[in-house]
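Residues per chain are reported as follows:
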Amino acid sequence: MIHEACTILKETQTLFVLTGAGVSAESGIPTFRGSSGLWKNYSATELATPQAFKKNPALVWEWYHWRQSLIVNAEPNPAHYALVKLEEIMPHFLLLTQNVDSLHQRAGSRNILELHGNIFRTRCLRCDRVAPYKIPEKKSDKILPTCSCDGLLRPDVVWFGESIPHAIWQRAQDFLSHTDTALICGTSGVVWPAAAIPEIARQNNARTIEINLEPTPVSSIVDISIQGKAGDLLQQLISGLNQ
Ligand code: BJW
Ligand code: ZN
């Protein structure tokens, strides 16, 4: 399977990559689904919604503060670095990530779009101002972050039921319309609209490769589905490309 994927990548001039939480898993960042996705017995589907924030902003902020502190203490892993290498090798490359953790950027990825926002930015509910988020030095889960206008701040991420940033989705579609190959890595394939990308790529006659620990709804759609750790498999792909 790796061999076939290498053959496809050797013929690829334009590569589109979609990543999900599985790519950051080897950095110690919990994924969303399954037992590792639970925080204090709450699931992502319960916390990552505008309704949850309206009902209990302190609880949702507590979850984000916990995740932010995990992320700042984490390092990019071999999967992130292999994607940086792929970007260097490919004449044309776009990375669309659902991850909000900036680990791709910290590894050195350059042509990257964030579909679900970034955990290190806030948006004001009153004046809409977007700003970098400074984690409070003295952590108090009770104090809610506020804007200079006194409005309540929320994480600048996309929650369930909210719209995906239109310009980012459009740029991804434009790239997909002329991409040779789409590589789908470490995502469950159940959250829309990212879950539609393998099918969109196919409709645009791109070849499609999936890398995941386990089979997903995407596995039956793609040309090649490889099971294993993203870090190992992406590194093997790079080695194969260099041979
Ligand atoms: C490894 C590994 C290793 C582990 N190596 N692999 C059409 C049909 C049905 C529903 C909808 C639809 N259109 C819209 C919806 C509603 C909703 C949706 O999709 N719901 C589904 C749950 C059914 N979508 C939306 O609301 C989206 N908005 C939208 O479409 O607007 C228009 C609209 C709205 C409403 C109705 C209709 C239209 C917005 C989605 C926003 C998702 N936000 C979150 C939170 C972001 C902020 C934050 O991080 O706090 O994004 S939820 C969470 O899921 C997060 C992730 O980016 C996202 C995807 O998760 P991902 O990456 O797939 O992670 P996991 O944990 O699920 O999977 C990890 C995978 O890695 C697994 O497969 C492992 O096996 C694998 N793995 N270790 C390789 N080492
Ligand atoms: Zn404000």
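Treat the numbers as computed from the prediction; the structure is a model and nothing was measured.

Once that is clear, we can look at the domain arrangement of the protein chain. Domain parsing of the protein chain yields domain 1 (1-27 + 76-116 + 165-243) and domain 2 (30-73 + 117-157). Using only C-alpha atoms to locate each centre, domain 1 and domain 2 end up separated by 27 Å. Contacts between the two partners involve 14 residues from domain 1, matched on the other side by 13 residues from domain 2. Approximately 910 Å² of surface area, both sides summed, lies buried where domain 1 meets domain 2, with 52% of it carried by carbon and sulfur atoms. Here R121 makes a salt bridge to E114, at a shortest N to O gap of 3.5 Å.

Where helix α1 (residues 2-10) meets helix α10 (residues 230-242), the axes come as close as 9 Å, and the angle between the chain directions of the two elements is 55°. Judged by the angle between their axes, α1 and α10 are oblique. Crossing of α1 against α10: the hand is right-handed. Only L233, Q236, L237, G240 and L241 of α10 make contact with α1, whose side of the interface consists of I2, A5, C6, L9 and K10. Its residues placed into classes, the contact of α1 with α10 shows seven nonpolar, two polar and one charged.

Here the focus is the packing of aromatic side chains. Pairs of aromatic rings are described using the distance from one ring centre to the other and the angle between the two planes. In this structure the tally under the stated criterion is seven aromatic pairs. Seen in terms of ring centroids, F16 and F175 are 6.4 Å apart; in terms of plane orientation they differ by 40°. Their pairing is tilted. Here F16 is found in strand β1 (residues 14-19), whereas its partner F175 is found in helix α8 (residues 166-176), with 159 residues between them in sequence. Taken individually, F16 and F175 each receive the classification buried, so the pair is uniform in this respect. An aromatic cluster is built from F53, W63, Y64 and W159, whose rings are joined through pairwise contacts. Looking at R67, its charged tip hangs above the ring of W63, at a distance of 4.4 Å from the centre. The ring of W159 is capped by R154, whose NZ or CZ atom sits 3.8 Å from the centre of that ring.

Attention now moves to the side chain of T19. Looking at the secondary structure, you find T19 in strand β1. What T19 contacts, discounting residues up to four positions off in sequence, is L83, L95, L96, T97, Q98, N99, H104 and C185.

Further remarks concern the sheet that holds strand β5 (residues 130-132). Pairing is antiparallel across the open sheet formed by three strands, whose spatial order is β5-β4-β6. Because the sheet does not close on itself, it has two edges, and the strands there are β5 and β6 (153-157). Neighbour-to-neighbour, the strand axes of the sheet open up by a mean angle of 45°, direction not taken into account. Across four bridges, the pairing between strand β4 (residues 117-124) and β6 is antiparallel.

Another point: the coordination of the zinc ion (ligand 2). The protein atoms that coordinate the zinc ion (ligand 2) are C124 (SG), C127 (SG), C147 (SG) and C149 (SG), at distances spanning 2.3 Å. Note that the zinc ion (ligand 2) binds four donor atoms; their angles at the metal cover 99 to 118°, and the shape is tetrahedral. What makes C124 buried here is its relative accessible area of 1%. Judged by its relative accessible area of 38%, C127 is partly exposed.

Before going further, it helps to examine the site of ligand 1. Close to ligand 1 lie 33 residues; F32, R33, Y64, G161 and N212 are nearest. F32 is positioned with one of its backbone polar atoms (N or O) 2.6 Å from an oxygen atom of ligand 1. A distance of 2.8 Å separates a nitrogen atom of ligand 1 from a polar atom in the backbone of V158. Summarising the interface, the protein chains cover 77% of the accessible area of ligand 1, which totals 1500 Å² for the free molecule. Mapped onto the shell around ligand 1, the elements with two or more residues apiece are α2 (21-25) and α5 (57-72). Among the elements that take part in the shell around ligand 1, α2 stands out by supplying three residues, more than any other. Here the shell around ligand 1 is built from residues that sort into 15 nonpolar, twelve polar and six charged. Counting contributing residues per domain, the shell around ligand 1 is built from domain 1 (1-27 + 76-116 + 165-243) and domain 2 (30-73 + 117-157), each supplying no fewer than three.

Cut-offs used in this document
Residues numbered from 1 in each chain as written. Chains lettered and ligands numbered in written order. Predicted model: local features only at pLDDT ≥ 70, side-chain atom pairs only at ≥ 80, totals over all residues. Heavy atoms only, no water. Domains from an automatic or database assignment. Contact = heavy atoms within 4.5 Å. Buried area = accessible area lost by both parts, 1.4 Å probe. Salt bridge = Lys/Arg side-chain N within 4 Å of Asp/Glu carboxyl O. Axes fitted to C-alpha atoms, helices over the stretch in contact; angles between N-to-C directions. Helix = DSSP H or I, 4+ residues; strand = E, 2+ residues; numbered from the N terminus. Parallel < 35°, antiparallel > 145°, perpendicular 65-115°, else oblique. Left-handed = near helix turned anticlockwise from the far one by under 90°. Nonpolar A, V, L, I, M, F, W, Y, C, P; charged D, E, K, R; others polar. Phe/Tyr/Trp six-rings, centres within 6.5 Å; stacked < 30°, edge-to-face > 60°. Buried < 20%, exposed > 50% of the residue type's maximum accessible area, 1.4 Å probe, protein only. Lys NZ or Arg CZ within 6 Å of the ring centre and 35° of its normal. Pairing = 2+ DSSP bridges. Donors = N, O, S within 2.8 Å, 3.2 Å for Na, K, Ca; no water. Tetrahedral: all angles 85-135°; square planar, octahedral: opposite > 155°, others 65-115°. Near = heavy atom within 4 Å. Polar contact = N/O pair within 3.5 Å; in protein donor to acceptor, adjacent residues only side chain to side chain. Areas by Shrake-Rupley, 256 points an atom, 1.4 Å probe, with all protein chains shown as cover.

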